[in-house]
Amino acid sequence: MNLVEYLKKATDYLERHDIASPRLNAELLLSSMLGISRLDVYTGFERALTEVESREYRELIVKRAAGAPLQYLTGEVGFRTLVLEVTPGVFIPRPETEVLVEKALEVLPNGEMDILDLGCGSGCIALSIARERTGARVTAVDCERTAVELSLRNAERTGLAERTTVLEGDLFEPLDGAARSFDAIISNPPYVPDGAAESMMPEVRDYEPTRALFAGPDGLDVIKRIVAGAPEYLTVGGWLLLEVDESHADKVVELLEPSGDSATPRMEPARDGARWSDIEVCDDLAGRPRVVKARLASGGGGDAPD
Ligand code: GLN
C-alpha cells in the first residue's frame, strides 16, 4: 500500500468510530509519525510504510478511534504563534485561551513588565505573552510536576527560556517574597463544576487531567482563591485576567465587585479590603462570556508609594 491507500483505510476506520474530521486526523497522525508535512504525505505518496511504521500507524489510529485526543498522539499543539509540545497528564491548550491571551495583550502595552500565569499547564499563556511582548518577564506556576517540566521544555523550544521562570507549587505558594511585583496575573484555572463530569465529552473527561478540569461543586474553588490572593501579588493598577465558564462569569464579577455596588452580596471578603476597578466580562468568538478582567485599584499588601 502507498501512503494514500493507508490514509483511505485509516479515514474509513476513524469515520466508523464517529471521529469528527476523520481525514484530517488520519493525515495529521501520519505526517507527525513520519516527521513530514501534510503536503509531503501527498507529494511522497508512492512511498510505502515499513512494517514498523505500518504497525505504529495502526496503533495510533486505534487509539484515536477509542477517543484519545489527537494532540496527545501527535505530541504537539498550535497556540497563537507558537507550536508547543503537549503530553498526557497536562491540559491541552484551547482556542478559548487564545482569546484570554488576546484580552491580556490589549491591556499590556509593550515595555518592561512582570507577568504571572497561575496553573500554567503547557505554558501556553505565559509563553505567548513572552513571545508577543518582548519586554515581558513571565513566571509560570503549576502544582503538577509534569506540567512544570513541560512548560520548561516549551520555554526552551520556543527560545523564550531566558525571560521565563517556571515554579512548582499551589497557586501563589511558591512565590514567597514576590508580593506586589506583578503587572498582570493571568490564569485559565480549572473551573468545571464537579457534577458536570457526566455530561462532558469522554475525550476530555477520560483523557485530560482531572485536577486541571474540576474545581468544586460550583467550579469556583480555584477562582475564589485566585481572586482572594491576587491583590497581594499585583502592583496597584495591575490586571487580573481569568478564563471562566460562561455559566459563572457573573459570579466571578460578584467576587470582584466592592460590596454595596452589587445586587448580590460578596461571596467572600477581599483580603485587606482590596478594591477592583475596570471590571469587564469579555466574550469569545462565539459571543459567550469567557474572560473576566479587572484592575487592582487599591488594597492588598498596602498601596504602592507615589
Ligand atoms: N493554563 C493552561 C492552559 O490554558 C492550563 C489550564 C488548566 O490546566 N486548567 O492550557
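Figured I'd write up the structure that's included with this text.

What counts as what
- Residues numbered from 1 in each chain as written.
- Predicted model: local features only at pLDDT ≥ 70, side-chain atom pairs only at ≥ 80, totals over all residues.
- Heavy atoms only, no water.
- Salt bridge = Lys/Arg side-chain N within 4 Å of Asp/Glu carboxyl O.
- Core = buried A, V, L, I, M, F, W, Y, C linked by side-chain atoms within 4.5 Å.
- Buried < 20%, exposed > 50% of the residue type's maximum accessible area, 1.4 Å probe, protein only.
- Helix = DSSP H or I, 4+ residues; strand = E, 2+ residues; numbered from the N terminus.
- Axes fitted to C-alpha atoms, helices over the stretch in contact; angles between N-to-C directions.
- Parallel < 35°, antiparallel > 145°, perpendicular 65-115°, else oblique.
- Left-handed = near helix turned anticlockwise from the far one by under 90°.
- Contact = heavy atoms within 4.5 Å.
- Nonpolar A, V, L, I, M, F, W, Y, C, P; charged D, E, K, R; others polar.
- Near = heavy atom within 4 Å.
- Polar contact = N/O pair within 3.5 Å; in protein donor to acceptor, adjacent residues only side chain to side chain.
- Areas by Shrake-Rupley, 256 points an atom, 1.4 Å probe, with all protein chains shown as cover.
- Pairing = 2+ DSSP bridges.

Quick notes on the pattern of salt bridges
Then comes step 1: Within the structure shown, the criterion is met by 22 salt bridges.
Then comes step 2: Across the pair Asp206 and Arg205 runs a salt bridge, and its minimum N-O distance is 3.1 Å.
Then comes step 3: Residue Lys224 is joined to Asp218 by a salt bridge in which the shortest nitrogen-to-oxygen separation is 3.8 Å.
Then comes step 4: Look at the salt bridges and you will find they share partners, linking Arg23, Glu27 and Arg38 into a network.

A few points about the nonpolar core
Then comes step 1: Ile115, Ile129, Ile186 and Leu241 are the most contacted members of the largest nonpolar core, which totals 34 residues.
Then comes step 2: When contributions to this core are tallied by element, the ones reaching two or more residues are strand 1 (76–79), strand 2 (82–85), helix 6 (95–107), strand 3 (113–118), helix 7 (124–132), strand 4 (136–142), strand 6 (182–187) and strand 7 (234–243).
Then comes step 3: Ranked by size, the runner-up nonpolar core spans 32 residues in total, among them Leu171, Phe172, Val222 and Val244.

Some thoughts on the packing of helix 2 (residues 22–34) against helix 4 (residues 51–65)
Then comes step 1: Contact pair helix 2 / helix 4: the axes reach a minimum separation of 10 Å and the direction vectors enclose 140 degrees. In this view, helix 2 runs oblique relative to helix 4, as classed from their interaxial angle. Crossing of helix 2 over helix 4 shows right-handed handedness. On helix 4, the residues that touch Asn25, Ala26, Leu29, Leu30, Met33 and Leu34 of helix 2 are Glu53, Glu56, Tyr57, Leu60, Ile61 and Arg64.
Then comes step 2: Tallied by class, the residues present in the contact of helix 2 with helix 4 amount to eight nonpolar, one polar and three charged.

Considering the site of the ligand
Then comes step 1: All residues in the neighbourhood of the ligand are listed as Phe91, Pro93, Thr97, Gly119, Cys120, Gly121, Cys124, Ile125, Asn188, Pro189, Pro190 and Ala212.
Then comes step 2: Between a nitrogen atom of the ligand and a main-chain N or O atom of Ala212, the distance comes to 2.9 Å.
Then comes step 3: Relative to its free-state accessible area of 300 Å², the ligand is covered by the protein chains to the extent of 96%.
Then comes step 4: When its residues are assigned to classes, the shell around the ligand shows eight nonpolar, four polar and no charged.

What about the environment of Cys282?
Then comes step 1: Note on placement: Cys282 falls in strand 8 (residues 275–283).
Then comes step 2: Sequence separation of Cys282 and Lys103 is 179 residues, and the distance between their C-alpha atoms is 8.0 Å.

Brief notes about the side chain of His248
Then comes step 1: Within the element layout of this structure, His248 appears in the loop between strand 7 and helix 12 (249–256).
Then comes step 2: Residues within four places of His248 in sequence aside, it is in contact with Tyr191, Asp218, Gly219, Leu220 and Ile223.

Comments concerning unusual backbone geometry
Then comes step 1: Of note in this structure, Asp18 is not a glycine but carries a positive phi near 60 degrees.
Then comes step 2: Secondary-structure assignment places Asp18 in the loop between helix 1 (3–16) and helix 2.

A few points about the sheet that holds strand 4
Then comes step 1: If you trace the seven strands from one edge of the open sheet to the other, you get 5-4-3-6-7-9-8, paired in mixed fashion. Each edge of the open sheet carries a strand with a single partner, namely strand 5 (164–168) and strand 8. Strand-to-strand twist across the sheet, computed as the mean angle between neighbouring axes with direction ignored, equals 15 degrees.
Then comes step 2: With five bridges connecting them, strand 6 and strand 7 associate as parallel partners. Each bridged residue has a counterpart across the sheet, and for Ser187 the counterpart in strand 7 is Leu242.
Then comes step 3: Most of the contacts of helix 7 go to strand 4, to which it runs at about 175 degrees, and overall it touches strand 3, strand 4, strand 5 and strand 6.

Things to note about the packing of helix 6 against helix 7
Then comes step 1: Put simply, helix 6 and helix 7 touch, their axes get as near as 10 Å, and they point 40 degrees apart. With respect to each other, helix 6 and helix 7 are oriented oblique. As for how helix 6 packs across helix 7, the hand of that crossing is right-handed. Together, Thr97, Leu100, Val101, Ala104 and Leu105 of helix 6 and Cys124, Ile125, Ser128, Ile129 and Glu132 of helix 7 make up the contact between the two elements.
Then comes step 2: Partitioning the contact of helix 6 with helix 7 into residue classes produces seven nonpolar, two polar and one charged.

Treat this as a map of the structure, not an account of what it does.
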